[in-house]
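Residue-level listing of the chains:
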Amino acid sequence: MNKEILGITLYNKLTKDQKTHYKSAMEITLNEDEIMTDQQVQKLLGISQRTLYTWRKCGLIRYFKLRSRNYYLKTLLLLDFIEITNEQ
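Notes on the structure in this doc start here. Please read these numbers as outputs of a predicted model, since none were measured by experiment. (Residues numbered from 1 in each chain as written. Predicted model: local features only at pLDDT ≥ 70, side-chain atom pairs only at ≥ 80, totals over all residues. Heavy atoms only, no water.)

### Quick look at the packing of helix α3 (residues 38-45) against helix α4 (residues 49-57)
- At a closest axis distance of 10 Å, the pairing of α3 and α4 adopts a crossing angle of 105 degrees. With respect to α4, the axis of α3 lies roughly perpendicular. Contact with α3, carried on its side by Asp-38, Val-41, Gln-42 and Leu-45, involves Gln-49, Leu-52, Trp-55 and Arg-56 of α4 and no other residues of that element.
- Tallied by class, residues from the contact of α3 with α4 come to 4 nonpolar, 2 polar and 2 charged. (Axes fitted to C-alpha atoms, helices over the stretch in contact; angles between N-to-C directions. Helix = DSSP H or I, 4+ residues; strand = E, 2+ residues; numbered from the N terminus. Parallel < 35°, antiparallel > 145°, perpendicular 65-115°, else oblique. Contact = heavy atoms within 4.5 Å. Nonpolar A, V, L, I, M, F, W, Y, C, P; charged D, E, K, R; others polar.)

### A look at the nonpolar core
- Core analysis: the largest hydrophobic core is formed by 10 residues, namely Met-36, Val-41, Leu-45, Ile-47, Leu-52, Trp-55, Ile-61, Tyr-72, Leu-77 and Ile-84.
- Every element with two or more residues in this core is listed here: α3, α4 and α5 (74-87).
- Not counting residues up to four positions away in its chain, the partners in contact with Ile-47 are Gln-42, Leu-52 and Trp-55. (Core = buried A, V, L, I, M, F, W, Y, C linked by side-chain atoms within 4.5 Å. Buried < 20%, exposed > 50% of the residue type's maximum accessible area, 1.4 Å probe, protein only.)

### A short note on the sheet that holds strand β2 (residues 64-66)
- Across the sheet, which stays open at both edges, the 3 strands sit in the order β1-β3-β2 with antiparallel pairing between neighbours. Of all strands in the sheet, those bounded by a partner on one side alone are β1 (35-37) and β2. Between one strand axis and the next, the sheet turns through 45 degrees on average, direction left out of account.
- Pairing between β2 and strand β3 (residues 69-73): 3 bridges, direction antiparallel. Pairing of Leu-66 across the sheet is with Arg-69, part of β3. (Pairing = 2+ DSSP bridges.)

Below is the structure:
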């Protein structure tokens, strides 16, 4: 069964009150300081462009693409960085 169909089916079984809580939990507000570019990440972590590229390709850090540019959520990035440094 398709995950999207399953999600809709489960959502439809929620009570009206549960749906209200679910919708408010899904609303995420990000401020400008939370979203970072490649250059900001390199400067913050003190790493090279090549290191950042390698970490992305190896799946060591989470990022998303928007119009062919990479962006990072600062909170997730710092958690990933802590994990990377703990592994070394």
